[in-house]
Amino acid sequence: MKSIVWDFDDTIANSYPGIVSATQKSLRENFDISLSKDTIFKEAKKTSVRKFVTELLKDQDDVKQAVKIFYTTYFRYEKEYHDKITLIPHIKNVLDYYDKNHSMQFIVTHRDQSIYNLTKSLGIEHYFKEIISVADGFKRKPNPEMLNYLMDKYDLKKEDLWVIGDRQIDVEFGKSVGAHTILLNDQKVDFARDY
């Protein structure tokens, strides 16, 4: 693998407990919607928290504003979990292996600017040539914009590029530019991926 694009949440770091709890609290507090953590986890893993919440709030008078309200509260609660985020077991060994073998590694995430402090606090920021967030102004996965940016900037070839993530959108993201894909998921899935 010459170049690897990693997703962050549930691929490199075990951050879903905070994501799920923040989603649950924000929905209950702002919209009186009570869902189990298991339901939120399953639905968020299918696509993204944003798509799941947007669908849930589709009957609001102003859906865009409702999603904005959701995220204002969500970010406050999710930040409280940052010091509880841990690395996925053995991921540091994997990152170190590819670093020593001179692979270029990147993170591409839907997470906000918190990604930069999180990688520092987890002691992994030095493994990545660049970390990109949608907060940097890029379109969300599976739109290929972030991958095209990396491919152009670092002259990455699709036949040498691997995209690794935990959801279908990560696989679709990689496939959108013809990259190889690895799905890190222990559940049975009904969509194509390379590995």
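The structure under discussion appears in the preceding block.
Residues numbered from 1 in each chain as written. Predicted model: local features only at pLDDT ≥ 70, side-chain atom pairs only at ≥ 80, totals over all residues. Heavy atoms only, no water.

Engineer: Please explain the packing of helix α1 (residues 16-31) against helix α4 (residues 63-79) as it appears in this structure.
Structural biologist: Helix-helix packing is characterised by the crossing angle of the two axes and by the distance between the axes. In contact at an axis separation of 8 Å, α1 and α4 are set at 130 degrees when each is read in the N-to-C sense. In this view, α1 runs oblique relative to α4, as classed from their interaxial angle. The two elements α1 and α4 cross, and the hand of that crossing is right-handed. Contact with α1, carried on its side by Gly18, Ile19, Ala22, Thr23, Lys25, Ser26, Leu27, Glu29, Asn30 and Phe31, involves Ala66, Ile69, Phe70, Thr73, Tyr74, Arg76, Tyr77 and Glu78 of α4 and no other residues of that element. Its residues assigned to classes, the contact of α1 with α4 comprises nine nonpolar, five polar and four charged. (Axes fitted to C-alpha atoms, helices over the stretch in contact; angles between N-to-C directions. Helix = DSSP H or I, 4+ residues; strand = E, 2+ residues; numbered from the N terminus. Parallel < 35°, antiparallel > 145°, perpendicular 65-115°, else oblique. Left-handed = near helix turned anticlockwise from the far one by under 90°. Contact = heavy atoms within 4.5 Å. Nonpolar A, V, L, I, M, F, W, Y, C, P; charged D, E, K, R; others polar.)

Engineer: It is not clear to me how the sheet that holds strand β6 (residues 161-165) should be interpreted in this structure. Could you clarify?
Structural biologist: Across the sheet, five strands lie side by side as β5-β4-β1-β6-β7; this open sheet has parallel pairing. Each of the sheet's edge strands pairs with one partner strand only, and the pair in question is β5 (130-133) and β7 (180-183). Between one strand and the next, the sheet's axes are offset by a mean angle of 20 degrees, whatever the strand orientation. One ladder, built from four bridges, connects strand β1 (residues 3-6) with β6; its direction is parallel. Opposite tryptophan 6, over in β6, you have isoleucine 164 as the bridge partner. Contacting β4 (104-109) and β5, helix α6 (residues 114-121) crosses the sheet at an angle of about 140 degrees to β5. (Pairing = 2+ DSSP bridges.)

Engineer: Can you help me understand the environment of leucine 57 in this one?
Structural biologist: Within the secondary structure layout, leucine 57 lies in the loop between α3 (49-56) and α4. Relative accessible area serves as the criterion here: at 0%, leucine 57 is assigned to the buried category. Separated by 30 residues in the primary sequence, leucine 57 and leucine 27 have C-alpha atoms spaced 9.4 Å apart. Apart from residues no more than four positions distant in its own chain, leucine 57 is found in contact with Phe31, Ile33, Val63, Ala66, Val67 and Phe70. (Buried < 20%, exposed > 50% of the residue type's maximum accessible area, 1.4 Å probe, protein only.)

Engineer: Got a minute to help me understand the packing of aromatic side chains in this structure?
Structural biologist: Geometrically, a pair of aromatic rings is defined through the distance of the ring centres and the angle of the planes. Summed over the entire model, instances satisfying the criterion amount to ten aromatic pairs. Relative to tyrosine 149, the ring of phenylalanine 138 lies with its centre 5.1 Å away and its plane at 50 degrees, an arrangement referred to as tilted. Here the residue phenylalanine 138 occupies a position in the loop between β5 and α7 (145-154), and tyrosine 149 occupies one in helix α7, the gap between them amounting to eleven residues. Taking 5.7 Å as the distance between ring centres and 35 degrees as the angle between the ring planes, the aromatic pair formed by tryptophan 162 and tyrosine 195 counts as tilted. Of this pair, tryptophan 162 sits in strand β6 while tyrosine 195 is found in the segment after β7, placing the two residues 33 residues apart along the sequence. (Phe/Tyr/Trp six-rings, centres within 6.5 Å; stacked < 30°, edge-to-face > 60°.)

Engineer: Explanation requested: the packing of α3 against α4 in the structure shown.
Structural biologist: Here α3 crosses α4 at 125 degrees, and the two axes come no closer than 10 Å. With respect to their mutual orientation, α3 and α4 come out oblique. Where α3 crosses over α4, the two elements pack in a sense that is right-handed. Note on element contacts: α4 touches α3 through Val63, Val67, Phe70 and Tyr71, opposite Val49, Arg50, Val53 and Thr54. When its residues are assigned to classes, the contact of α3 with α4 shows six nonpolar, one polar and one charged.

Engineer: Looking at this structure, I do not really get α3. What am I missing?
Structural biologist: An α-helical turn contains 3.6 residues, so a residue and the one three or four places further along point in the same direction. Every buried residue of α3 is listed here: Val49, Phe52 and Val53. In a view along the axis of α3, the buried residues occupy a sector of 90 degrees, so they form one face of it. Where α3 is buried, its residues meet α1, α2 (37-46) and α4. (Arc of directions from axis to C-beta.)

The values are spatial; any link to function lies outside them.
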